[in-house]
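Structural description and commentary
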Amino acid sequence: ISNITDFAVGTDKLTVAAATTTLTKVAVTEVTLAAALDQIAAKATAATTAAWGVFGGNTYVVADTVTADGTLDLGSVVVKLTGTLDLGTTATAIFA
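To keep things clear, this report deals only with the structure shown in the data block.

Reading guide: rules and limits
Residues numbered from 1 in each chain as written. Predicted model: local features only at pLDDT ≥ 70, side-chain atom pairs only at ≥ 80, totals over all residues. Heavy atoms only, no water. Buried < 20%, exposed > 50% of the residue type's maximum accessible area, 1.4 Å probe, protein only. Helix = DSSP H or I, 4+ residues; strand = E, 2+ residues; numbered from the N terminus. Pairing = 2+ DSSP bridges. Contact = heavy atoms within 4.5 Å. Axes fitted to C-alpha atoms, helices over the stretch in contact; angles between N-to-C directions.

Residues in a regular strand project their side chains so that they alternate between the two faces of the sheet. Summarising burial for strand S4 (residues 58–64): seven of the seven residues are buried, a large majority. Along S4, one buried face is formed by Asn 58, Tyr 60, Val 62 and Asp 64 and the opposite face, lined by Thr 59, Val 61 and Ala 63, is buried too. Counted along the chain from strand S3 (residues 49–55) to the antiparallel partner S4, the turn is two residues long, and its residue Gly 56 has a positive phi close to 60°. Examined bridge by bridge, S4 and strand S5 (residues 76–81) share six bridges and lie antiparallel to one another. Bridge pairing in S5 places Val 61 opposite Val 79.

Structure follows, in structure tokens:
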């Protein structure tokens, strides 16, 4: 998990291996980080999709860059953004 402590929505951008065109907000209901990341990853189901959710007071973004199967695996990029952020659902707002 990459950790960014000073991400500014509207100013900063994330760059991942594949162009990300779809961003989905996930209302996390899980009680462990591993389960929360699985829940978020389940919404990233194509090589151009990402999903995000808040867990434990921090925001997590999961982008599926290779396998497009909605699971955490070697093709997944996970980024922890310190704090509770509203990333919205417009991929171009947070991805370069």
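Now that the structure has been shown, we can carry on.
Listing the buried residues of helix H1 (residues 33–41) in full gives Ala 36, Leu 37, Gln 39, Ile 40 and Ala 41. Elements in contact with the buried residues of H1: S3, S4 and S5.

Another aspect to go through is the environment of Ser 2. Relative to the helices and strands, Ser 2 is located in strand S1 (residues 2–4). Spatially, the C-alpha atom of Ser 2 lies 15 Å from that of Phe 55, the residues being 53 residues apart in sequence. Setting aside anything within four residues of it in sequence, one finds Ser 2 in contact with Val 78, Val 79 and Lys 80.

Our next topic: the sheet that holds S5. The strands making up a sheet associate through backbone hydrogen bonding, with each pair oriented either parallel or antiparallel. Strand order in the open sheet formed by five strands is S1-S5-S4-S3-S2, and the pairing between neighbours is mixed. Both outer strands of the open sheet, S1 and strand S2 (22–25), are each paired with one neighbouring strand and no more. Between one strand axis and the next, the sheet turns by 25° as a mean value, whatever way the strands run.

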